[in-house]
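The chain contents come next:
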Amino acid sequence: MSDTQVYYLAFLVKLLVVFTLAVGLVPILVYAERRVSALMQFRWGPNRVGPFGLLQPFADMVKLLCKEDLVPERASKVLFTIAPALTCIPPFLVMSFIPVAPSFALAGREMKGVVVDSPVGILLLLALSSLTVYGLAIGGWASNSKYSLLGGLRSSAQMISYELAMGISVLAVLCVSGTLNLSEIIYRQTQFFGYDAQSGNWAGWNIFAQPLAFVIFLVAAFAETNRLPFDLPEAESELVGGYHTEYSSMKFSLFFMGEYIGMVGISSVLVVLFLGGWHFPGMNSLGVQPGTLPFTLLGLLVFLAKIGVLLFFFIHVRWTLPRFRYDQLMRIGWKVLLPLALLNVLVTGAVVAGS
Amino acid sequence: MEVLERVAFYVMAVLAVISALLVVVNRNPVASAMSLVGAFLAVAGLYLTLNATFLSAIQVLVYAGAIMVLFLFVIMLLNLEREPFDLPGIGRIAGFGLSVALLFSLISLALGAVARPETSARGGSGAEIGDVFFSDYLFPFEMASLLLLVAMVGVIVVARRRKPEEEEEEQA
């Protein structure tokens, strides 16, 4: 096989793996969400379908597929139909830019653990995650219902407000890493905590070098994925269901899927930027040779475990905190997070330039 | 692979033209705005085929991700319905003249009658663009930031919450 053929074959295989991982995590997340919420509210949760209720997500899926697909009479038909797809596509694309595992050698070629290894990866990630809002905004508008419209409006205002703080908090991390490439950002975080012996640069996880940026990014991540305490676009106590009030059947479940894959995507970005990617203390002393397939799989496991912890945190927060009021949400975004992020960049820049 | 690049170019070019046409043809403001987003994305794809990855990412981030969301927000907030086409006569003539001039300049560029502007083949990565910004184009860059700062201060002055006594003064 020629080099280009190998390249395209590897590309397809990796695409398939990432896509399966992203889709496969959705039913697990739905199940986890229901069980964790039940645990926190001192009840059982779904435990009838299959062992421990594990088959419940599939039963839900069958139910959703069999429901009637309603389109409101005065809705804008085309936009109403493509809106759910618009929420799903960007999170999937985000996953293809995430380096989920270290590279390994196969027949003299280096196989990277990422589908697309772009030199400006982090910018593409931010760009894609900013596109998710169209699905919600358009879905809300096209439904031709006042609750949906309000939900759509809220989502677009919220996304714009929190994107800024998110982008600027990333800027400080880039100052520390000195690169826009996501794989390289991970390769700079080889140690858990400490400096590189040769260059004297920071080589630990970025969460310790940039704790403030981590907190800002985390809060903005909740807002960007519309999770409680920032789920104003679907606030069921005031807007019925918000942007997806008029949706039913598979279109509704696509919105649902988009939200969960978005959570997986944003957790992966957090792991890459702040939590050292696939690195884990003591991983190199296990006797697995770096640069081989077993090491890559080990790295993938570590990465998935880190995502899992973050996802549990997402779910835990949802069932712990009450929803913000709309003016509080705007005040936190513009008057707290944004100035803090700017200050963080200023201080980081001064320290980096000074050293 | 040369063939794939060519295919990508034509797909993106056709998409860009079609969605740009849809922006003008659609009577529904929200559909127009969404077509404009499509046009921006297609142009970002064209940048990618030109190896300008940084520019392409910024195109999506700034235009499709921020500016158009704001557009959409305003359109939805004002709840514009189908806009009637009632341009005054002078506007139509000016628009026609502008399109003819643009078409003429495009054709003369394509025929090679005018010297094409040369661009450097590197200009792809963020580091290179940063280098150029902070050396050759430092003055325009700083001027642009100043302009944005002025706009921002202006917005804050207009939108700030006034004290009751100030409002009375303004009304008096």
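Residues numbered from 1 in each chain as written. Chains lettered and ligands numbered in written order. Predicted model: local features only at pLDDT ≥ 70, side-chain atom pairs only at ≥ 80, totals over all residues. Heavy atoms only, no water.

### Here's the deal with the overall build of chain A
Regarding its fold elements, chain A presents 13 helices and two strands. Taking 20 Å as the expected radius of gyration for a compact globule of 355 residues, we find that chain A reaches 21 Å, a close match to that expectation. Principal-axis analysis of the C-alpha atoms places the extent of chain A at approximately 65 × 50 × 45 Å. For chain A, with 355 residues in total, the buried portion stands at 53%. The contacts in chain A between residues at least 6 apart in sequence include a share of 75% that link residues at least 24 apart. (Helix = DSSP H or I, 4+ residues; strand = E, 2+ residues; numbered from the N terminus. Rg over C-alpha atoms; globule rule 2.2 N^0.38 Å. Buried < 20%, exposed > 50% of the residue type's maximum accessible area, 1.4 Å probe, protein only. Contact = heavy atoms within 4.5 Å.)

### Description of the packing of helix H1 (residues 3–40) of chain A against helix H11 (residues 249–274) of chain A
All names here are of chain A. Axis separation between H1 and H11 bottoms out at 9 Å; the angle between their running directions is 100°. One way to sum up the angle between H1 and H11 is to call them roughly perpendicular. In this structure, H1 contributes Ala22, Leu25, Val26, Leu29, Val30 and Glu33 to the contact, and H11 contributes Phe256, Met257, Tyr260, Ile261, Met263 and Val264. (Axes fitted to C-alpha atoms, helices over the stretch in contact; angles between N-to-C directions. Parallel < 35°, antiparallel > 145°, perpendicular 65-115°, else oblique.)

### So, the confidence of the model for chain A
Reading predicted coordinates in detail is not appropriate for stretches of low pLDDT. Mean pLDDT over chain A: 84, with 99% of residues reaching 70 or higher. Mean pLDDT per element in chain A: helix H10 (residues 236–239) of chain A is the minimum at 74, and helix H9 (residues 211–224) of chain A is the maximum at 89. (pLDDT = per-residue confidence, 0-100.)

### Details of the pairing of strand S1 (residues 101–106) of chain A
Residue and element names in this part refer to chain A. Alignment of S1 against strand S2 (residues 109–113), held across four bridges, turns out to be antiparallel. Its bridge partner being in S2, Ala105 is matched across the sheet by Glu110. From the end of S1 to the start of S2, which pair antiparallel, there are two residues, and Ala107 there has a positive phi angle of about 50°. (Pairing = 2+ DSSP bridges.)

### Here's the deal with the interface of chain A and chain B
Counting residues at the interface gives 24 residues for chain A and 26 residues for chain B. Buried surface at the junction of chain A and chain B, both sides included, amounts to about 2200 Å², of which 82% is carbon and sulfur. Counting the surface chain A buries against chain B, the share from its top three residues, Tyr134(A), Trp141(A) and Leu153(A), is 28%. Along the contact surface separating chain A from chain B lie zero salt bridges. Taken together, the links from chain A to chain B amount to two residue pairs in polar contact (both at pLDDT 80 or more). For the side of chain A that touches chain B, the secondary-structure elements that each account for two or more residues are helix H3 (77–95), helix H4 (121–129), helix H5 (133–142) and helix H6 (146–177) of chain A. The dominant element in the side of chain A that touches chain B, judged by the number of residues it contributes, is H6(A), at seven residues. (Buried area = accessible area lost by both parts, 1.4 Å probe. Salt bridge = Lys/Arg side-chain N within 4 Å of Asp/Glu carboxyl O. Polar contact = N/O pair within 3.5 Å; in protein donor to acceptor, adjacent residues only side chain to side chain.)

### Quick word on the nonpolar core
Membership of the largest hydrophobic core comes to 112 residues, with the highest contact counts inside it found for Phe217(A), Leu273(A), Phe274(A) and Leu72(B). The element contributing the most residues to this core is H6(A), with 13 residues. Residue contacts for Leu273(A): discarding those within four places in its chain leaves Ile122(A), Val170(A), Val173(A), Ile185(A), Gln189(A), Asn206(A) and Phe217(A). (Core = buried A, V, L, I, M, F, W, Y, C linked by side-chain atoms within 4.5 Å.)

### Re the environment of Phe71(B)
All names here are of chain B. Considering the arrangement of structural elements, one finds Phe71 in helix H3 (residues 53–78). Owing to a relative accessible area of 45%, Phe71 belongs among the partly exposed residues under this scheme. Between the C-alpha atoms of Phe71 and Thr53, which are 18 residues apart in sequence, the distance is 25 Å.

### A word on the confidence of the model for chain B
Residues and elements named next belong to chain B. Counting all residues, the mean pLDDT for chain B is 81, and 81% of those residues have values of 70 or more. Of all the helices and strands in chain B, helix H7 (residues 164–171) carries the lowest mean pLDDT, 66, while helix H6 (residues 138–159) carries the highest, 91. Here the prediction assigns the complex a pTM of 0.85, and the interface score ipTM is 0.80.

### Re the pattern of salt bridges
Residue and element names in this part refer to chain A. Taken as a whole, this structure holds eight salt bridges over all chains when the rule is applied. Between Arg331 and Asp327 there is a salt bridge; the shortest N-O distance is 3.6 Å. A residue pair is termed a helical-turn pair when its members lie 3 or 4 positions apart in one helix, as Arg331 and Asp327 do in helix H13 (residues 326–354) at four residues. The network of salt bridges with shared partners includes Glu33, Arg227, Glu259 and Arg318.

### Quick look at a nonpolar patch on the surface
A contiguous nonpolar patch, built from Phe139(B), Met143(B), Leu146(B), Leu149(B), Val150(B), Met152(B), Val153(B), Ile156(B) and Val157(B) and spanning about 880 Å² of accessible area, is present on the exposed surface. With a relative accessible area of 38%, Met143(B) lands in the partly exposed category. (Patch = residues over 30% accessible without salt bridge, like charges linked within 9 Å, V, L, I, M, F, W, Y side chains within 5 Å. Areas by Shrake-Rupley, 256 points an atom, 1.4 Å probe, with all protein chains shown as cover.)

### Considerations on unusual backbone geometry
Residues and elements named next belong to chain A. Although it is not a glycine, Phe42 adopts a positive phi angle of roughly 60°. With respect to the helices, strands and loops of the structure, Phe42 is situated in the loop between H1 and helix H2 (56–66). Not every positive phi belongs to a glycine, and Asn226 is a case in point at roughly 60°. Here Asn226 is to be found in the loop between H9 and H10.

### Some details on the state of the cysteines
In this structure the tally under the stated criterion is zero disulfides over all chains. With no disulfide partner, Cys66(A) has as its closest neighbouring cysteine sulfur the one in Cys88(A), 19 Å distant. (Disulfide = S-S within 2.5 Å.)

### Some words on the side chain of Arg154(A)
Counting through the fold element by element, Arg154(A) comes out in helix H6. Judged by relative accessible area, Arg154(A) falls into the buried class, the value being 14%.

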